[in-house]
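Coordinate inspection notes
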Amino acid sequence: ENSEVERRGTMANRREKIVEEILSTEDTYVQSLAFTIEYFVKPLKEKEILDKQEISWVFSNIEVIYNLNQQILAQLQERFSNWSEEQKIGDVFLQMGPMLRMYKDYCKNYTTSLTTMQELSTTNDEWIKFLEEKDKRGPGGSKLPLTAYLIMPVQRIPRYLLLLSDLLKHTPEDHPDMRDLNSAYTLISEIAGSLNKFIQQAQQRNLVLEISNQFIGLKFTLMEPHRLFLKEGTFRKVTTHMIMQCYLFLFNDIILYSHTHIALGATKRYQYKGFIPLSTSWVRDMPDTDKMENIFQIVGENKTWTFLADDKDQKKSLDFRTQRMHRRTRQTQSYTC
């Protein structure tokens with residue numbers, strides 16, 4: 001009997017901590033949404049740096065999402081301020097859950113948001129100046145860029161799912177909240193499932209954007225609707241006169257490469273050297289020599305690149321003949337070293 005009492009006590013403590021985490025992350029999330037609207041959306045509208053259509057393309061329905069999550073936060077705060085072992089929060093998510101479907105519009109628009117921002121960064125001087133001023137501000141002195149705030153709604157629904165799953169594991173079967181928690185988890189699972197494709201696409205686009213931002217002197221727009229990042233690695237590039245370290249980024253339609261890795265604080269930066277279009281290239285395996293091992297070549301229409309891998313597994317990883325590729329590749333010139 002004592003062990004059962006201890007078990008339920010431990011479970012109740014764990015349950016309280018999980019609800020506290022749900023409340024804490026919701027508070028941080030709502031603050032971030034408020035910051036995005038206050039420091040980005042409103043000034044852009046007031047100063048007419050962007051027109052209404054551009055605002056919609058970049059920020060989608062973030063203001064509607066903010067209003068919804070303010071309500072969720074207020075209800076969670078009210079429940080936690082009156083916390084007891086019998087307190088419920090499942091009904092909060094069950095009641096508000098159907099409105100979380102509006103996240104679908106946001107996630108579907110995310111690629112448009114990134115593409116629009118990239119275009120504005122080459123055509124709108126006021127936008128560029130505005131971001132330079134605003135990207136250095138944030139809640140609690142944060143220096144997150146705008147893109148870091150815009151990805152947050154994409155990540156929120158999967159986060160709810162993880163937190164509610166953990167809460168269910170630490171809620172007794174006979175708890176008054178169990179029925180609503182189960183129903184809420186099922187509802188949000190369905191919503192997450194319907195968003196999954198768009199969330200994956202958004203995360204991929206964000207990854208491509210992050211890589212693009214790491215490059216110095218990039219000569220073309222890396223962000224394309226069809227482009228997916230696959231993997232990266234450090235190799236050695238063989239030339240007539242020397243062997244030099246080379247960083248390769250494999251996408252589904254190109255390989256991007258750099259010879260120089262620059263560390264600016266905690267930020268990795270790469271000096272752009274060129275790209276190889278995969279639609280007109282293939283991998284040639286080369287035998288080892290007395291002086292070099294794990295040699296392979298990438299053969300293009302007008303140029304051949306020779307590389308050394310660290311081992312056979314790494315060598316095999318860049319054989320993009322085995323990768324599942326999208327062949328919708330635009331015709332581009334290959335910039336060489």
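Up top you'll find the structure we're talking about.
Description of the structure in this document. Sequence order sets the numbering: in each chain, residues are counted from 1 along the sequence as written. Given that the model is predicted, a residue must reach a pLDDT of at least 70 before its local features are reported, and side-chain atom pairs must reach 80 or more before they are shown or counted; all residues, however, enter totals for whole chains, interfaces and linings. Only hydrogens and water are set aside; all other atoms, that is, all heavy atoms of the structure, feed into the side-chain values.

**A word on the overall build of the protein**
To be explicit about the condition: Helix and strand definitions follow DSSP, with helices as H or I runs of at least four residues and strands as E runs of at least two, each counted in order from the N terminus. Remark: exposure states derive from per-residue accessible area (1.4 Å probe, protein chains only) relative to the maximum for the residue type, with buried under 20%, exposed over 50%, and partly exposed in between. What makes two residues a contact is simply this: any of their non-hydrogen atoms within 4.5 Å. Only the protein chains shown count as cover for residues, with accessible areas throughout obtained via the Shrake-Rupley method and a probe of 1.4 Å.
Looking only at helices and strands, one finds 10 helices and 8 strands in the protein. The proportion of buried residues among the 337 residues of the protein is 48%. For the protein, the proportion of contacts with a sequence separation of at least 24, taken over those separated by at least 6, is 64%. Surface exposure of the protein reaches about 17,800 Å², of which carbon and sulfur atoms provide 47%.

**Examining the environment of Met 102**
Tracing the backbone through its elements, the reader meets Met 102 in the loop between α4 (90-96) and α5 (103-123). With a relative accessible area of 21%, Met 102 lands in the partly exposed category. Distance from Met 102 to Leu 68, taken between C-alpha atoms, is 9.5 Å for residues 34 residues apart in sequence. Residues in contact with Met 102, not counting those within four places in the same chain, are Asn 61, Val 64, Ile 65 and Leu 68.

**Observations regarding unusual backbone geometry**
Phi at Glu 48 is positive, roughly 55°, even though this residue is not glycine. Relative accessible area serves as the criterion here: at 64%, Glu 48 is assigned to the exposed category. Unlike most non-glycine residues, Asn 294 shows phi in positive territory, near 55°. Considering the arrangement of structural elements, one finds Asn 294 in the loop between β6 (282-285) and β7 (295-299).

**Brief notes about the nonpolar core**
Generally speaking, nonpolar side chains in soluble globular proteins are found buried as a group. Under the convention used in this document: What is meant by a nonpolar core is a set of buried Ala, Val, Leu, Ile, Met, Phe, Trp, Tyr and Cys residues, joined one to another through side-chain atoms within 4.5 Å.
Counting 81 residues, the largest nonpolar core has Phe 59 and Trp 127 as its most contacted members. Of the residues forming this core, the biggest block, 14 residues, is contributed by helix α9 (residues 178-214). Residues in contact with Trp 127, not counting those within four places in the same chain, are Leu 44, Ile 49, Leu 50, Val 58, Met 117, Leu 120, Ser 121 and Leu 146. Formed by 14 residues, the second largest nonpolar core is a distinct cluster that contains Cys 246, Leu 248, Leu 278 and Phe 296.

**Things to note about the environment of Asp 285**
When you line up the elements, Asp 285 lands in strand β6. A relative accessible area of 54% means that Asp 285 is categorised as exposed. The spatial distance from the C-alpha of Asp 285 to the C-alpha of Ile 295 is 6.9 Å, given a sequence separation of 10 residues. Sequence-distant contacts of Asp 285, defined by excluding residues within four places in its chain, comprise Ile 295 and Lys 315.

**Concerning helix α2 (residues 52-59)**
Structurally, the α-helix is built with 3.6 residues per turn, so residues lying three or four positions apart point the same way. Rule in force here: Starting at the helix axis, one direction is taken to each C-beta atom, and the arc is that of these directions. Whenever a nitrogen or oxygen atom comes within 3.5 Å of another N or O atom, the pair is scored as a polar contact, on the condition that within protein one atom can donate a hydrogen and the other can accept it, and that pairs from neighbouring residues in sequence are kept only if both atoms are in side chains.
For α2, the full list of buried residues reads Glu 54, Ile 55, Val 58 and Phe 59. Axial view of α2: buried residues confined to an arc of 105°, hence all on one face. Looking at where α2 begins, the residue whose side-chain oxygen comes 3.1 Å from the main-chain nitrogen of Gln 53 is Asp 51.

**Considerations on a negative patch on the surface**
As a reminder of what qualifies: Two distance rules govern patches: like charges are joined within 9 Å, and nonpolar side chains (Val, Leu, Ile, Met, Phe, Trp, Tyr) within 5 Å, applied only to residues with over 30% relative accessible area and no salt bridge. Any Lys or Arg side-chain nitrogen found within 4 Å of a carboxyl oxygen on Asp or Glu counts as a salt bridge. When charges are tallied, Lys and Arg are placed among the positive residues and Asp and Glu among the negative ones, while His and the ends of the chain are skipped. Where a charge lies is defined by one atom per residue type, namely NZ (Lys), CZ (Arg), CG (Asp) and CD (Glu).
A surface patch of like charges, here negative, comprises Glu 16, Glu 20, Glu 85 and Glu 86. Of note, Glu 86 is situated in the loop between α3 (62-81) and α4.

**Looking at the packing of aromatic side chains**
Which entries qualify depends on this criterion: For Phe, Tyr and Trp, where Trp contributes only its six-membered ring, two rings pair if their centres lie within 6.5 Å, and the inter-plane angle classes them as stacked under 30 degrees, edge-to-face over 60, or tilted in between.
Counted by the stated rule, this structure contains 17 aromatic pairs. Between Phe 220 and Tyr 272 the ring centres are 6.1 Å apart and the planes differ by 70°, which places this aromatic pair in the edge-to-face class. In this pair, Phe 220 sits in the loop between β1 (215-216) and β2 (229-238) while Tyr 272 sits in strand β5 (residues 267-277), placing the two residues 52 residues apart along the sequence. Note on Phe 220: relative accessible area 17%, which makes it buried.

**A closer look at the pattern of salt bridges**
Oppositely charged side chains are able to pair whenever their charged atoms sit close together. Scanning the model with the defined rule gives 11 salt bridges in all. Here Asp 177 ties to Arg 15 by a salt bridge, and the two come within 3.0 Å at their closest N and O atoms. With Asp 177 in the loop between α8 (152-169) and α9 and Arg 15 in helix α1 (residues 2-46), this pair connects stretches of sequence that are 162 residues apart. For the residue pair Asp 177 and Arg 15, the accessibility class agrees, reading buried in each case. Of the charged contacts in the structure, one is a salt bridge between Glu 38 and Lys 42, with a shortest N-O distance of 3.3 Å. Remark: Lys 42 and Glu 38 occur in helix α1; sequence separation between them is 4 residues, near one turn of the helix. Taken together, the salt bridges that share partners define one network made up of Glu 78, Arg 79 and Asp 91.

**Side note on the pairing of β2**
Applicable threshold: At least two DSSP bridges between two strands are required for those strands to pair.
For β2 and strand β3 (residues 243-251), the ladder comprises 9 bridges, and the chain directions are antiparallel. Among the inter-strand pairings, Glu 232 is bridged to a residue of β3, identified as Phe 249. Linking β2 back to β3 in an antiparallel pair, the connection comprises 4 residues.

**Comments concerning the environment of Gly 274**
Take Gly 274: it is sitting in strand β5. Separated by 56 residues in sequence, Gly 274 and Leu 218 have C-alpha atoms that sit 8.4 Å apart.

Read these as spatial facts, not as claims about activity.
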